[in-house]
Amino acid sequence: MPLLKVKPLAELPAGSVAEVGAGEALYAVCNVDGALYCIEGTCPHAGGPLGQGNLNGNYVVCPGHGWEFDCRTGLNDSDEDVKLTTFPVVVQDGVVLVDVP
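Scoring rules and cut-offs
- Residues numbered from 1 in each chain as written.
- Predicted model: local features only at pLDDT ≥ 70, side-chain atom pairs only at ≥ 80, totals over all residues.
- Heavy atoms only, no water.
- Helix = DSSP H or I, 4+ residues; strand = E, 2+ residues; numbered from the N terminus.
- Rg over C-alpha atoms; globule rule 2.2 N^0.38 Å.
- Buried < 20%, exposed > 50% of the residue type's maximum accessible area, 1.4 Å probe, protein only.
- Pairing = 2+ DSSP bridges.
- Axes fitted to C-alpha atoms, helices over the stretch in contact; angles between N-to-C directions.
- Contact = heavy atoms within 4.5 Å.
- Polar contact = N/O pair within 3.5 Å; in protein donor to acceptor, adjacent residues only side chain to side chain.

Undergrad: Account for the overall build of the protein chain, naming residues and giving values.
TA: Looking only at helices and strands, the protein chain features 0 helices and 10 strands. Along the chain direction, N to C, the helices and strands of the protein chain fall in the order β-β-β-β-β-β-β-β-β-β. What you see for the protein chain is a C-alpha radius of gyration of 12 Å, in line with the 13 Å of a compact globule of 101 residues. Counting only C-alpha atoms, the protein chain reaches 40 × 30 × 20 Å along its principal axes. Counting the 101 residues in the protein chain, one finds 40% classified as buried.

Spelled out as structure tokens, the structure:
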């Protein structure tokens, strides 16, 4: 899978979320206490942009209707049948990259 450039690590501090796109696909990249995670960036509830939301601990909060997803696992906080795909994140030369299809 190709590596998609997100941004310099210095611009993604702990407790923040970044949105990155490739074609029509969106991804939400999260920094949870220095650990980086990536999930699909579109909320399955109403299509909200998760990468424009906030972090509540290790949960990304959708800015549209407040749905929450664990950015480590992709699981919804209230319905374990709702799960987003996760993607590997790497840092090379100080730049955050996501391994996407």
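From this point on, the discussion continues.
Undergrad: Give me the lowdown on the sheet that holds strand β2 (residues 16-22), citing residues and values where you can.
TA: Pairing within the open sheet is antiparallel, and its 4 strands lie in the order β2-β3-β4-β8. Two strands in the sheet have a free side with no partner beyond their single neighbour: β2 and β8 (86-87). The sheet contact formed by strand β4 (residues 35-40) and β8 spans 2 bridges and is antiparallel. Paired with C38 across the bridge in β8 is F87.

Undergrad: Just give me the short version of the sheet that holds strand β5 (residues 54-56), but keep the residues and values in it.
TA: Here we have 3 strands laid out as an open sheet, ordered β5-β6-β7, and antiparallel in their pairing. Edge positions in the open sheet fall to β5 and β7 (68-70), since each of these has one partner strand only. Along the sheet, successive strands turn relative to each other by an average axial angle of 35°, direction set aside. Two elements, β5 and strand β6 (residues 59-61), share 3 bridges in a ladder whose sense is antiparallel. Each bridged residue has a counterpart across the sheet, and for L55 the counterpart in β6 is V60.

Undergrad: Which residues make up the environment of S16, and what values go with them?
TA: Relative to the elements of secondary structure, S16 occurs in strand β2. Classification of S16 as buried rests on a relative accessible area of 17%. For the pair formed by S16 and N56, sequence separation is 40 residues and the distance between their alpha carbons is 9.7 Å. Setting aside chain neighbours within four positions, we find S16 in contact with V29, C30, N31 and L55. Within polar-contact distance, the side chain of S16 engages the backbone oxygen of P13 at 2.5 Å.

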